[in-house]
Amino acid sequence: MTTRTDTDNGAAADKNTTAGDSHSAEAAIDLDRFADIRPYHDEEVEAVLARLAHDSELLDAITRFRLPRLARFAPPLARALASFRLQREMRGVKTVRDLQLRIADYMAHMINSSTRGFEVEGLDRLSPDQAYLFIGNHRDIAMDPAFVNYALYRAGHDTVRIAIGDNLLQKPYVTDLMRLNKSFIVPRSIKGKRAMLAAYQSLSGYIRHSITDDNHSVWMAQREGRAKDGVDRTDSAIVKMLCMARRLEEGDSDIGNAVHELKIVPVSISYEYDPCAINKARELHAKETDGAYQKVEFEDIFSIVAGITGDKGRVKLRFGTPLTSDFETADEVAAEIDRQVLANYPTYPSHQLALAETGLAPELVDLSGVTAEDRERFQAQLATVPDTLRHWWLLQYANPILNRAGKAHRRDA
């Protein structure tokens, strides 16, 4: 995927060599602040790929999915074949851009094989030369930012740096893969108020640095974790975190000014069907009946794979309009992000059929555009859901309509 590079005029560079060297040194010092959380740079790519090609845990993970029988009976041979295939696939990849161009090819194949179409709206109102902070609703761990990236790539924009929680980075190879794809790390597992504050100050500084200094867009979710119950709401604590850096670096505590310089753009993504819907329903059911849900090992990795390969039906992405400086509190900012996300959220027949099935708010049900084929597809999906999970499965699709009307049924934390 395309990545902009800045080139200086040769004469200007010669004229300002001393100043340029000084500025580069300062930039290097600044970037050292973010070394633990930032994405990998181009000069780090080849070494990381070489490390991954011989990472036994990654190779075992690949063989479990791609060569399950061989992995069971001849693990060393399976790992050797996976390593060879990985090195062949990554041959010629020397920069982040090289890698993302490969990912773009995989995205095109994934869209053809696991969706019934991918639509984008609103991107034509945004400048390809301007960095934005895209804040979106969150349905799928990997695919939400992947669809944003693919939409930007197709429209000639630079791709985004992606915020990802450290709870997902349970293995070194996962961290490497994510950071190769322009992901930066959001601290969630740090203990202690002082350590957490320092971590969030660093995170806020990196996001501000990316937007205002690097002119490089960022994507992050409107709240921690996926909205497993289908209720999209922005956590105002995220807005407060985003405003930390300007207050610390400029002494400016005006939230409106911080929001304006970050050029926040709300983003709505909708899937006709969610490949992880049953697993989400299982988690919601467990929380309701047992008071807690315990993830199994590598569950998030399995969710990522299911989200990539599973049937998604139609997918639509809508970009909102940049927020202005007319805000006085974090709650006001969160409310405007919510307003745009909900107003722009595309609904499909699956949403209306689910709402009708729940019996909730019949006055909001509109089946006028639902076809016989839509009903057949919906019933086929519903038939795969265990009876004990149907209520929670249906709510995931019904809640976007209910939420827009202020009637959402929540059971997500």
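Here the residue index of a chain counts from 1 through its sequence in written order. Owing to the predicted nature of the model, reporting of local features is limited to residues with pLDDT of at least 70; listing and counting of side-chain atom pairs is limited to 80 or more, with chain, interface and lining totals taken over all residues. With hydrogens and water excluded, all non-hydrogen atoms of the structure serve as input to the side-chain values.

### Notes on the overall build of the protein chain
A count of helical and extended segments in the protein chain gives 18 helices and seven strands. Think of it in three bands: with a 1.4 Å probe and only protein chains considered, a residue is buried below 20% of the maximum accessible area for its type, exposed above 50%, and partly exposed in between. When burial is assessed residue by residue, the protein chain has 49% of its 413 residues classed as buried. Counting only carbon and sulfur atoms, one obtains 51% of the accessible surface of the protein chain, whose full area is about 19,900 Å². Note on charges: Lys and Arg go in the positive column, Asp and Glu in the negative column, and His and the chain ends are not counted at all. By convention, charge coordinates are those of NZ in Lys, CZ in Arg, CG in Asp, or CD in Glu. Where the 53 positive side-chain charges of the protein chain centre and where its 61 negative ones centre are 5 Å apart. Helix and strand assignments come from DSSP, with helices taken as H or I runs of at least 4 residues and strands as E runs of at least 2, each series counted from the N terminus. For every accessible area listed, the method is Shrake-Rupley and the probe measures 1.4 Å; residues are considered covered only by the protein chains on display.

### Observations regarding the side chain of asparagine 137
The residue asparagine 137 is located in the loop between strand E2 (133-136) and helix H8 (143-154) in this model. For asparagine 137, a relative accessible area of 1% translates into the label buried. At a separation of 3.5 Å, a polar atom in the side chain of asparagine 137 contacts the side chain of aspartate 232. A 3.5 Å cut-off defines polar contacts: any pair of N or O atoms within that distance qualifies, except that in protein one atom must be a possible hydrogen donor and the other a possible acceptor, and neighbouring residues in sequence count only when both atoms are side-chain atoms. Only 2.8 Å separates the side chain of asparagine 137 from the backbone nitrogen of isoleucine 269, close enough to count as a polar contact. Residue contacts for asparagine 137: discarding those within four places in its chain leaves Asp144, Gln222, Asp232, Val267, Ser268, Ile269, Val341 and Tyr345. Here, residues are in contact when the closest pair of their heavy atoms is within 4.5 Å.

### Comments concerning unusual backbone geometry
Despite not being glycine, lysine 263 shows a phi value in the positive range, around 50°. Mapping lysine 263 onto the fold places it in the loop between helix H12 (255-262) and strand E6 (264-271). In this structure, alanine 361 takes a positive phi of about 45° despite not being glycine. Tracing the chain through its elements places alanine 361 in the loop between helix H16 (349-358) and helix H17 (372-382). On the accessibility criterion, alanine 361 (14% relative accessible area) is buried.

### Here's the deal with the packing of helix H11 (residues 236-250) against helix H15 (residues 330-344)
For every element, the axis is a line fit to its C-alpha atoms; helices are fit only across the contacting stretch, and the angle between N-to-C directions ranges from 0 to 180 degrees. Where H11 meets H15, the axes come as close as 8 Å, and the angle between the chain directions of the two elements is 115°. When the axes of H11 and H15 are compared, the crossing they make is right-handed. Facing H11, whose interface residues are Ser236, Val239 and Lys240, H15 presents Ala330, Asp331, Val333 and Ala334. Among the residues forming the contact of H11 with H15, the class breakdown is four nonpolar, one polar and two charged. Two helices that cross are described as forming a left-handed crossing if the nearer one is turned anticlockwise from the farther one by less than a right angle, and a right-handed crossing if clockwise. Amino acids outside the nonpolar list (Ala, Val, Leu, Ile, Met, Phe, Trp, Tyr, Cys, Pro) and the charged list (Asp, Glu, Lys, Arg) are all regarded as polar, and Gly is one of them.

### Overview of the confidence of the model for the protein chain
Counting all residues, the mean pLDDT for the protein chain is 91, and 92% of those residues have values of 70 or more. As a per-residue measure, pLDDT tells how confident the predictor is, with possible values from 0 to 100. Taken as a whole, residues 1-29 scores under 50 in pLDDT and shows 24 contacts with residues more than four places along the chain or in a different chain.

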